[in-house]
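Geometric and topological summary
The residues making up each chain are set out below.
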Amino acid sequence: MQTSRRPLLLMEIPAPLLRVSNQETAHLRAVSLVPGLSLKGSSMKKSSAWKMVCIVFTFCVAAVIASPAQTLTTLYSFTGGNDGGFPLGRLVQASDGNFYGTTFQQGAAGGGTVYKLTPSGALTTLHSFAGYSDGAQPYAGLIQATDGNFYGVTTIDGGVGQDVGTVFKITSGGTFTSLHAFAGYPADGGNPWPPLLQASDGNFYGTTYEGGAPNVGIVFKITAAGSLTIVHTFCTQSGCPDGANPQAGLVQGSDGNLYGTAVGGGTNGEGTVFKITTSGTLTTLHSFNYHTEGAAPSGTLVQASDGNFYGTTYEGGTSNNGTVFKMTPSGTLTTLYNFCSQLSCADGRIPYAGLVQASDGNFYGTTYQGGGAADYGTVFAITPSGTLTTLHVFTGADGANPYAGLIQTANGTFYGVTKDGGSNCTGNGGCGTVFKLQLPPTLTVSTSGDGSVASTDGFIHCPGTCSHTYPLNTPVTLNATPGQGWVFGGWDGACLGTGSCSVAMTQPLSVDGIFSQAQQFVAATPCRLIDTRL
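Rules used throughout
- Residues numbered from 1 in each chain as written.
- Predicted model: local features only at pLDDT ≥ 70, side-chain atom pairs only at ≥ 80, totals over all residues.
- Heavy atoms only, no water.
- 1 Å grid on protein atoms, 1.4 Å probe; cavity = no way out; pocket = protein on both sides within 12 Å on 5 of 7 lines; lining within 4 Å.
- Points joined across faces, edges and corners; volume = space filled by probe spheres on them.
- Helix = DSSP H or I, 4+ residues; strand = E, 2+ residues; numbered from the N terminus.
- Nonpolar A, V, L, I, M, F, W, Y, C, P; charged D, E, K, R; others polar.
- Pairing = 2+ DSSP bridges.
- Contact = heavy atoms within 4.5 Å.
- pLDDT = per-residue confidence, 0-100.
- Disulfide = S-S within 2.5 Å.
- Buried < 20%, exposed > 50% of the residue type's maximum accessible area, 1.4 Å probe, protein only.
- Salt bridge = Lys/Arg side-chain N within 4 Å of Asp/Glu carboxyl O.

1. Comments concerning the layout of surface pockets
Its boundaries defined by the atoms lining it, the largest pocket holds a volume of some 840 Å³. Lining the largest pocket are 43 residues, with Arg90, Leu91, Ile143, Pro195 and Thr300 positioned closest to its centre. The set of elements that each furnish at least two residues to the lining of the largest pocket consists of β3 (92-93), β7 (143-144), β12 (197-198), β17 (251-252), β25 (356-357) and β29 (407-408). For the lining of the largest pocket, the class distribution of residues is 26 nonpolar, 16 polar and 1 charged. Reported here for the second largest pocket is a volume of approximately 490 Å³. Lining the second largest pocket are 28 residues; nearest its centre among them are Asp360, Tyr364, Leu439, Pro440 and Thr442. Of the residues assigned to the lining of the second largest pocket, the class counts are 12 nonpolar, 15 polar and 1 charged.

2. So, the sheet that holds strand β20 (residues 282-287)
By definition, the strands of a sheet pair up through backbone hydrogen bonds, in either a parallel or an antiparallel sense. Read across the sheet, 4 strands follow the order β17-β18-β19-β20 without closing on themselves; strand pairing throughout is antiparallel. Two strands close off the open sheet at either side, each with one partner strand: β17 and β20. Judged from the 2 bridges that link them, β17 and strand β18 (residues 258-262) form a sheet pairing that is antiparallel. By the bridge assignment, glutamine 252 is partnered in β18 with leucine 258.

3. Here we look at the environment of valine 167
As for its placement among the helices and strands, valine 167 is situated in strand β9 (residues 166-170). Filtering out sequence-adjacent residues up to four positions away, valine 167 remains in contact with Gly152, Val153, Ser178, Leu179, His180, Phe182, Leu196, Phe220 and Ile222.

4. Section: the confidence of the model for the protein
Per-residue confidence for the protein gives a mean pLDDT of 88; residues scoring 70 or more make up 84%. The low-confidence segment residues 1-32 (pLDDT under 50) makes 104 contacts with residues lying over four places distant or belonging to another chain. With pLDDT under 50 throughout, residues 40-67 is counted as low confidence; its partners more than four residues away or in other chains account for 69 contacts.

5. Section: the state of the cysteines
For the structure shown, the criterion picks out 5 disulfides. There is a disulfide in this structure between cysteine 340 and cysteine 345, and the S-S distance comes to 1.8 Å. Every disulfide takes its handedness from the sign of the S-S torsion; for cysteine 340 and cysteine 345 that torsion is -50 degrees, giving left-handed. Like cysteine 345, cysteine 340 is buried. Note on cysteine connectivity: cysteine 495 is disulfide-linked to cysteine 501, with sulfurs 2.0 Å apart. Linking cysteine 495 and cysteine 501, the disulfide has an S-S dihedral of approximately 70 degrees and is accordingly described as right-handed. Taking relative accessible area as the criterion, cysteine 495 reaches 8% and is therefore assigned buried.

6. So, the pattern of salt bridges
Pairs may arise between side chains of opposite charge once their charged atoms sit close together. A complete count under the given rule lists 2 salt bridges for this structure. A salt bridge links lysine 419 to aspartate 420; its shortest N-O distance comes to 2.7 Å.

7. Quick look at the pairing of strand β38 (residues 501-505)
Only one face of β38 is covered, namely the face carrying Cys501, Val503 and Met505; the face carrying Ser502 and Ala504 is uncovered. Pairing between strand β36 (residues 474-482) and β38: 5 bridges, direction antiparallel. Residue pairing across strands places threonine 474 opposite methionine 505, the latter belonging to β38.

8. Here we look at the side chain of serine 319
Structurally, the position occupied by serine 319 is in the loop between β22 (309-313) and β23 (323-327). Using a relative accessible area of 19% as the deciding quantity, one classes serine 319 as buried.

9. Description of the sheet that holds strand β30 (residues 414-418)
If you trace the 4 strands from one edge of the open sheet to the other, you get β2-β31-β30-β29, paired in antiparallel fashion. Lying at the two open borders of the sheet, with one neighbouring strand each, are β2 (71-77) and β29. Across 5 bridges, β30 lies against strand β31 (residues 433-438) in antiparallel orientation. Paired with valine 417 across the strands is valine 434, a residue of β31.

Written as structure tokens, this is what we have:
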């Protein structure tokens, strides 16, 4: 049996340099998960800065391409005051169009905050965690449930048992309700890190890093009223074949089952991917191999449009700085990319967060560090086949060290947060930012019937060349030419009517030119009637 050991300082020990096994490996990874933050203490302030130097001994050939121009805008820089500081959880865009999130520390009571942010960057603090019955220090972001309320977890406090976190509900107006306080080892979970999942049955599912009899985590179910059930306890068998210490959230697959990862345990002690039914039957789908596949998957999986699952590891791989992988529903894993394959880790390293599949079919994510000498992290895109593009390298002034993943809104823009950096509390390296990233928008043209559509700038002539990526805000004019015997009936999509189509490329757009056959008229020869009765 393993007893609970509360990690006190995060990133005191460089995770990639630790090589121990099974539960102990996972626990030390948790101690080292977020550089520069204290998990619990009276001051709740940033601890001394720690930085790892990436030394590249060999030049590697990697599938990396240069990025086109894109625009990153800092929407908000946290001050470390009543607005909170050091956001770690992914944002959610709610049905009201605003963004909601959490900060890990600071706020009026020092234990972090829940906040609302308008698309233009106006922030409202909805709740400040006091560190008692309401919990403190939320790693995870929020989810908006079908009832319109937001649900989340805190990693510590709660006033019950070992003070190891809570589950809470909060309205868009800031009315806060604590639903469950975790008691910890041995009968309850403890230290929930990832966000909740609302499954198709209406209940919420999540994981805790510690708790359960072996004290290496559980999977739990909780109703909207706060009734909690332990669905699975990790490491009840020798060697923890099912995994240990889950830090990622769960995703519900198209088959109705839940899929997740654990940073420890498995055949090699390097983490697992598992499938679990809502009634608690768990199947270990894959055990990671440190050097060939990566280790310690801490980001939530995403099931893509091709039916496969995609994710990241923040350790291991050929360069020892994490990987991107693809896994079939049956557990066949393919490593798509090894981070720090470029000189000075220009492609980024240590991806803590999971991926998001965007409207273009590609995946987008962040790395916590890397991107060159500054080592402040990156935003990247990667195709399903593994071609990686670095989209943005953080400088510190625009943010640093993104721990959370991205979201994409309906207009194609990506939003995210950085733990550090920004224009405020710069003496501490910045208290974090909220940012948006606009990629160069693509205009996609299609035709229905016999005819062609061409842009006046010459980039599009469809059929043939039917799409082009333009710099942001570029004006584009399209003209339609019908084929012989056909007429132009009008536009569909971003344009309407039958004249020229003029658009401004503020976001990805699609236009369809509709052609129809011209009506055919056949001249009739006059007939002469003859009376044959004569």
